[in-house]
Amino acid sequence: MEVNISDLTWDQFIYPRGGKSEKTINAYVEALAIGAQFPPIKIQRVFNYVDGNETTEATIILDGIHRWSAFKEKGIKEIAAVEWKDKPLDYEKNKVALLLESAQCNTSHGDRLSSNDKKRIARDIASTDPECKCTEDTLAEKLGVSQQTVNAWITDIRARQKTNRNSIIIKLSRLGWSQEKIAKIAGLSQNRISEIIGNTSFSNIDNLLSQGHDMEYIARHYHMDLALAWALRLEGKTDQEKFKELGWGLRTWDQWNFNECDERFGDDWPGRIPAQLIAHTLFYFTKPGDLVLDPMAGGGVVTDACLLFERKCQAFDLVSRDKRPEIEYHHWDPQKGTWPVTKKPDLIFFDPPYYTKKEKGYEKKANKSTPSISSYTKEDYERFFKDFFLLAHKNAKPTTILAFLNADWRNFKSTPASKEKPDKSITIFDYHRLLSKTGWKTTHRIECPLSSERLSGNHLPVRYTQTGVQRMQDKRILGTVGRTLLIAKRS
Ligand SMILES: C[S@@+](CC[C@H](N)C(=O)[O-])C[C@H]1O[C@@H](n2cnc3c(N)ncnc32)[C@H](O)[C@@H]1O
């Protein structure tokens, strides 16, 4: 078949060459001038291909970049091509296969791949393939080198992946995941998981500390999250000792304000809350070994705090990420009655979107068919909680505690305080009412006001700037920094 030269894409990841050879292209241009014929190039149609900011379809060159360049230079519009597979492939899913096919074509003819090119390909493939689906054997065969050579090229990557994989397994196991469930997501047998849990040792942490290394260094050394490194370091200590070692003062009264989020725990996430707030909830309302449910886990700060304080945790969110395998995908729609939790929790730590606050941030991460509750109408948002509280009540133990964090939502942005309408707001009293209606009895109301944690980051809303504050004062607009943790028990 003949294809249009300008419809083809040279993909730098797939086409395995440090740079094109001008010498080869010139030789081909001269050959074309005297009427030489070239074999067809090899191409593949793909979809799910990221080009700049958008995902699109493309036809990428697997073999023949020099012929294609020479044709372009001669101003020839079309080139003979053969397709590798006759159906378009999902680029993201087939990246490694495409790279290998391209590499194999280039080991046998044309400007043969240099040893450095082959090494780069082997390393690229190894790093994008932590499950080792592409064995050293296959790589050796496709690249036309010995297995020992491939081993030497990628041994450091494989070692790193192995410790990283082991640390993920340890983390999930500490959070209470069954070996069967871990085996499924790790793609290993249950026996292998059991061996890894039983045999992996990080006993060197104390040594590294005594040599003066910090926790960031230790986490990097073991290719694990900082939270897990801390959890291992603090293992076996009492809750109070842990507070001390983490440098967190323990609050004795029901007013918990923290200056900022502790950057060590949880990811940067819209509406991220301080790990200290969760630690206090765990301290007062659970004991080591208890199971915590986080239905809307966001940046994972609750799972991190549970790891630190040796509580089990099951976490969900409508956004799932490779980096946080402990957060399972679930889109809550309590009217459907689905409860994805596998064991009855001792504590439900529920930190939902505070109505439309951060709506844009959550919308970006959500899908249209499974929206964040921050885009609901006020009525639907309230109905959501009524149904969720009912469902939680039905699926909880008689002793389960519900910790519910939220803030007053008032339409204060451009409205003077005296003109605000009650039907436009949702306040902590509304949540309290919904809890009482659905079988929960509030035992505590803990104030956890927002402080500078909301003022960090570069995208400060205008109302927190000096001119914004001045404008609010001029118009007598009353802002809100309150945030309340309601603790409820089944009544
Ligand atoms: C306030 S954030 C949680 C922040 C988290 N505690 C932290 O500190 O990083 C609320 C989360 O609820 C999730 N969410 C909103 N609607 C949801 C739904 N219907 N089902 C599942 N998750 C939902 C959003 O994706 C968001 O991550």
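See above for the structure.
Reading the values: the criteria
Residues numbered from 1 in each chain as written. Predicted model: local features only at pLDDT ≥ 70, side-chain atom pairs only at ≥ 80, totals over all residues. Heavy atoms only, no water. Pairing = 2+ DSSP bridges. Helix = DSSP H or I, 4+ residues; strand = E, 2+ residues; numbered from the N terminus. Axes fitted to C-alpha atoms, helices over the stretch in contact; angles between N-to-C directions. Contact = heavy atoms within 4.5 Å. Polar contact = N/O pair within 3.5 Å; in protein donor to acceptor, adjacent residues only side chain to side chain. Buried < 20%, exposed > 50% of the residue type's maximum accessible area, 1.4 Å probe, protein only. Near = heavy atom within 4 Å. Areas by Shrake-Rupley, 256 points an atom, 1.4 Å probe, with all protein chains shown as cover. Nonpolar A, V, L, I, M, F, W, Y, C, P; charged D, E, K, R; others polar. Salt bridge = Lys/Arg side-chain N within 4 Å of Asp/Glu carboxyl O.

*Asks:* Honestly, the sheet that holds strand 10 (residues 347–350) in this entry has me stumped. Any pointers?
*Replies:* Strand pairs in the sheet, formed through backbone hydrogen bonds, run parallel or antiparallel to each other. Sheet architecture is open: 7 strands sit in the order 9-8-7-10-11-13-12, paired in mixed fashion. A strand with exactly one partner marks an edge of an open sheet, and here the two such strands are strand 9 (327–329) and strand 12 (440–447). Strand after strand, the sheet turns through a mean of 20° between neighbouring axes, direction not considered. Across 7 bridges, strand 12 lies against strand 13 (residues 484–490) in antiparallel orientation. Residue pairing in the sheet places R445 in a bridge with L486 of strand 13.

*Asks:* I'm lost on the environment of D351 in this one. Help?
*Replies:* For D351, the location among the structural elements is in the loop between strand 10 and helix 15 (359–365). In the structure, D351 is positioned 20 residues away from H331 in sequence and 15 Å away in space, judged by C-alpha atoms. Discounting residues that sit within four places of it in the chain, D351 has contacts with G271, I273, M296 and L405. A distance of 2.7 Å separates the side chain of D351 from the side chain of Y354, its partner in a polar contact.

*Asks:* Would you mind showing me how to read unusual backbone geometry here?
*Replies:* Trans is the common state for peptide bonds, and a negative phi is the common state for residues other than glycine. We note that N48 has phi near 60°; this positive angle belongs to a residue other than glycine. When you line up the elements, N48 lands in strand 3 (residues 41–51). Phi at E310 takes a positive value of approximately 55°, unusual for a residue other than glycine. Residue classification places E310 among the partly exposed residues on the basis of a relative accessible area of 28%.

*Asks:* Honestly, the site of the ligand in this entry has me stumped. Any pointers?
*Replies:* The local shell around the ligand holds 22 residues, among which W269, I273, G299, D317 and D351 are the closest. One of the backbone N or O atoms of I273 is found 2.8 Å from an oxygen atom in the ligand. Between the ligand and W332 there is a distance of 2.9 Å, counted from a nitrogen atom to a backbone nitrogen or oxygen. Protein coverage of the free-state accessible area of the ligand, which is 610 Å², stands at 99%. Looking at side-chain class alone, the shell around the ligand contains 13 nonpolar, 6 polar and 3 charged residues.

*Asks:* Just to check I follow, could you spell out the pattern of salt bridges for this structure?
*Replies:* Side-chain pairs of opposite charge can arise where the charged atoms are in close proximity. This model, assessed by the stated rule, comprises 31 salt bridges. Ionic pairing is found between K242 and E310, a salt bridge with its closest N-O pair at 2.4 Å. Of this pair, K242 sits in helix 12 (residues 239–246) while E310 is found in the loop between helix 14 (301–308) and strand 8 (312–317), placing the two residues 68 residues apart along the sequence. One salt bridge in this structure joins K287 and D290, with 3.1 Å as the shortest N-O distance. Assessed through its relative accessible area of 52%, K287 is described here as exposed.

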